[in-house]
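Architecture and fold: a report
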Amino acid sequence: MKCASPLVLLEFQCPTPQICVEKCPDRFLTLLNAFKTADLKYYKSYCKEGVDLSTLSAPEVLKTGLCPAMILPSKPLSRRCFPAFSKKNGVLVVGNQTTFDDGQGKIRNAKDLLEGAGNATIVREARQLAMKIFEDYTHSWYWILIQVMNMSVIPHSLALLFDSGLVIAMVISLIFIILLRFLAGIMVWVMIILVILVIGYGIFHCYMEYASLKGTPGANVTLQELGLQADFSVYLQIQQTWLAFMIILCIVEVIIILLLIFLRKRILIAIALIKEASRAIGYVMSSLFYPLLTFILLALVIAYWAVTAIKKNFSVGWVLPSLPALTSFLSTSNEPVYKVFNDTACEYSRNTCKPETFNTSAAKLACPDAKCLFAFYGGESPYHKYLIAFQFYNVFLFFWCANFVTALGQVTLAGAFASYYWASKKPDDMPAFPIFSSLGRALRYHTGSMAFGSLILAIVQVIRVLLEYVDYKLKGAQNRFAKFLLCCLKCCFWCLEKFIKFLNRNAYIMIAIYGKNFCTSARDAFFLLMRNIIRVAVLDKVTDFLLFLGKLLIVAAVGILSFFFFSGKMKGIESTTPALNYYWVPIVTVIIGSYLIAHGFFSVYAMCVDTLFLCF
């Protein structure tokens, strides 16, 4: 069981002999029993090639490591044979047996194997969970995107009822933005009241679920006693889960109400700013759909990074990209690497070796008990040795490109809204197509400024990744001072990243207005904000808070709707609910997707507010 570890699955490094087999074993059999029965030929297929068991005794075979001590029913997983654990009538079995003979006359329980293969079992459970989640997506993807139900399915319904997750989120977001254009003041107050009511309903629902589980067998188990479960729906069957949800929602409700009480006067001014932003968006309606371009470009960046980073055929796949071209090529290598393994001290330990010539090599002469065993797929070239550096370079490239796409969107939107603000006569003094005109200016004149601002942010983000990597590597060996130092560094660079993002955003607005370089624009934006720090801290942030409430309202509304639908609690349409392993899978997907869609629409509003505020 030395190989029964997730690390072996990922890195393919194991200190025991490894061979390739046609198929995994399908029975319990020890080497001692194989010598006594007619199963020796079958057992030989799991020994090293060329072994003649008829001329050797069992102790000699085991001493020289020519065959395994035992084989057991197994299933293939990631090109490895792992014990075939399953449950039959609630009893743990391996293959179809609950017990097995260990070859020494002792009957052992399958639980003994389970303890030995604990880490491998975790990997198997994670894989099964992933497969079930994937299966749920295949059954519910069309409901997540859009659900079209016929009159014959739902009595007394409309002919076509669009009851979708992501489509509903998109429609609600669009309607919300359009209503803000004409009824900004009323919509903001309605939004505030609805957010309070929705969270209040969430508190009430959690209390009802908590009360309904009272007296139910097993419902009083604590989260700590339950531990980590692959089936997350188990957590919804205990009282403590709903109590935790209720407490969290109560805290959020109290915080929102207190903020509204203390900021009630500033909210009136923020509403005026939102009204002006609504008028600006009314003249530049195409800005609402610009986030689609940003999404497509970010998807390309992520796809490029993923294709570069993947390991194909269990081999490393990295080549140092060309700096000027910013390109990289996927390299796959299936060459096995063998290393010297031994039980006693040996100067050749872990050196690379060749199985064909190992018996006549200096390593074998110096260390008679040494073996040349397979270590991993890949290579020992300088390229492979500096692989981690190439990985960090690829991560850096991903951050740089992603930040550049974000910067392009900010400069484009800021330029379009600035043309609205500075137009003496609207819309006559504005460009015919503000978004396209602003995008053209950004690409033609400001590519260098956006690249430079993105570079600064990418460097800080890579440093944060390096700190996390160092923390992970030193987790077992670090002392308290090292923990404190790493914690301080991670905190400082987190704050630095947030500050640079804030400064970059305002610098891009100044670039869109005046067309100056990045450093000049960043300096001007910084001192302009410092001269108006009270307005920035109160008015601008209150507006951001109100827009956040809008996103929260949309996500909560769609989340509650998807919860009742996928959990089968929506009366009249229970029969249309897809059969799922975990109904929380589509619910979580819809909630995350709804937030991203709402964020896309409201990010345009936020950029408009920031641009008009800085122009003012």
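Rules used in this analysis
Residues numbered from 1 in each chain as written. Predicted model: local features only at pLDDT ≥ 70, side-chain atom pairs only at ≥ 80, totals over all residues. Heavy atoms only, no water. Core = buried A, V, L, I, M, F, W, Y, C linked by side-chain atoms within 4.5 Å. Buried < 20%, exposed > 50% of the residue type's maximum accessible area, 1.4 Å probe, protein only. Helix = DSSP H or I, 4+ residues; strand = E, 2+ residues; numbered from the N terminus. Contact = heavy atoms within 4.5 Å. Phe/Tyr/Trp six-rings, centres within 6.5 Å; stacked < 30°, edge-to-face > 60°. Lys NZ or Arg CZ within 6 Å of the ring centre and 35° of its normal. UniProt positions renumbered as here; feature names shortened; annotations may be inferred. Disulfide = S-S within 2.5 Å.

Notes on the nonpolar core
One finds Val188, Phe417, Leu546, Leu549 and Tyr605 to be the most contacted residues of the largest nonpolar core, which totals 85 residues. In terms of residue count, helix α20 (residues 584-615) provides more of this core than any other element does, 15 residues in total. For Leu546, the residues in contact, after removing those within four places along its chain, are Val188, Met191, Ile192, Ile267, Ala270 and Ile274. Counting residues in each nonpolar core, the second largest holds 13 residues, with Leu29, Ala34, Tyr43 and Leu53 among its members.

Quick look at the packing of aromatic side chains
Any pair of aromatic rings gets described here by the distance separating the centres and the angle formed by the planes. Applying the stated rule across the entire model yields 14 aromatic pairs. Plain terms: the ring middles of Tyr421 and Trp422 are 5.0 Å apart, the flat faces sit at 80° to each other, and that makes the pair edge-to-face. Taking the ring centre of Tyr420 as reference, the NZ or CZ of Lys426 above it sits at 5.0 Å. The side chain of Lys516 reaches across the aromatic face of Tyr514, ending 5.5 Å from its centre.

Remarks on the UniProt feature "transmembrane region" (unreviewed entry) in the protein chain
Residues given the UniProt feature "transmembrane region" (unreviewed entry) here are residues 158-180, 186-204, 242-263, 283-307, 395-423, 443-467, 545-567 and 587-615. For residues 443-467, the end-to-end C-alpha separation is 34 Å, with 96% helix and 0% strand making up the annotated structure.

Notes on the state of the cysteines
According to the stated counting rule, one finds 4 disulfides in the structure shown. Between the sulfur of Cys47 and that of Cys67 lies a disulfide, 1.9 Å long from S to S. Taking the torsion about the sulfur-sulfur bond, which here is approximately 115°, the covalent link between Cys47 and Cys67 counts as right-handed. Here the residue Cys47 occupies a position in the loop between α3 (40-44) and α4 (58-64), and Cys67 occupies one in the loop between α4 and β2 (70-71), the gap between them amounting to 20 residues. The pair formed by Cys47 and Cys67 is uniform in burial state, with each residue classed as buried.

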